[in-house]
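A look at the structure
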Amino acid sequence: MAEGCIFCRIVAGEIPAVRVAESERALAFRDLHPQAPVHVLVIPRRHVASLAEATDGEELGAVLLLAQEVARREGIAESGYRVVTNTGADGGQTVHHLHLHVLGGRALQWPPG
Ligand code: AMP
């Protein structure tokens with residue numbers, strides 16, 4: 001657990017979150033400020049600051065597979081969805097614990113801003 005990391009504190013149950021799915025290595029919960037009808041964050045339980053720092057392929061695979069599971073559970077697997085991981089300053093990352101945004105439930109624009 002990284003000191004001061006809000007997502008580590010969610011993993012530890014120290015701050016509340018609406019959990020929608022979990023696995024041994026990953027956790028999914030609803031984004032506090034949803035940008036689409038479905039907006040879920042999927043994170044590794046272990047602290048990894050961003051995709052740029054990730055080294056464990058099995059862990060990354062577990063996070064991606066949980067994102068797939070979230071899409072099924074949220075009923076957007078057939079209609080389609082987007083998985084995004086903002087990385088670093090230009091990527092717009094604001095929380096420095098690797099997370100995938102799973103967005104869906106409406107037609108999404110492309111390209112992003
Ligand atoms: P990013 O800007 O890609 O780092 O995304 C961080 C996301 O975390 C934003 O979409 C926030 O709305 C979301 N967020 C921040 N704090 C919380 C929280 N306590 N619970 C759920 N989502 C959060």
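This text follows the structure it describes.
Residues numbered from 1 in each chain as written. Predicted model: local features only at pLDDT ≥ 70, side-chain atom pairs only at ≥ 80, totals over all residues. Heavy atoms only, no water.

Quick look at the site of the ligand
So the rule is basically this: We call a residue near a molecule or strand when any one of its heavy atoms sits within 4 Å of it. In the analysis that follows, any N or O atom pair within 3.5 Å is treated as a polar contact, provided that within protein one partner can donate a hydrogen and the other can accept it, and provided that, for residues neighboring in sequence, both atoms belong to side chains. Residue burial considers only the protein chains on display, and all accessible areas are found by Shrake-Rupley using a 1.4 Å probe. A run of H or I in DSSP becomes a helix once it reaches four residues, and a run of E becomes a strand once it reaches two; helices and strands are each numbered from the N terminus. When residues are grouped by polarity, Ala, Val, Leu, Ile, Met, Phe, Trp, Tyr, Cys and Pro land in nonpolar, Asp, Glu, Lys and Arg in charged, and all others, Gly among them, in polar.
By nearness alone, 16 residues border the ligand, and Asp31, Asn86, Thr94, His99 and His101 come closest of all. With respect to the ligand, the side chain of Asp31 contributes an N or O atom lying 2.5 Å from an oxygen atom. In this structure, an oxygen atom belonging to the ligand sits 2.8 Å away from a side-chain N or O atom of His101. Summarising the interface, the protein chains cover 85% of the accessible area of the ligand, which totals 500 Å² for the free molecule. Elements with a minimum of two residues in the shell around the ligand: helix H1 (6-11) and strand E2 (26-30). Here the shell around the ligand takes 3 residues from H1, the largest share from any one element. A breakdown of the residues in the shell around the ligand according to their chemical character gives 7 nonpolar, 7 polar and 2 charged.

Let's talk about the nonpolar core
The condition that has to hold: Only buried residues count toward a nonpolar core. Its members are Ala, Val, Leu, Ile, Met, Phe, Trp, Tyr and Cys residues joined through side-chain atoms within 4.5 Å. Relative accessibility under 20% of the residue-type maximum defines a buried residue, over 50% an exposed one, and the middle range a partly exposed one, all with a 1.4 Å probe and only protein chains included.
One finds Ala28, Val40, Val42, Leu66, Val70 and Val102 to be the most contacted residues of the largest nonpolar core, which totals 15 residues. Listed by contribution, the elements that provide at least two residues to this core are strand E1 (19-22), E2, strand E3 (38-44), helix H2 (57-73) and strand E5 (100-104). It is H2 that contributes the most residues to this core, 5 residues altogether.

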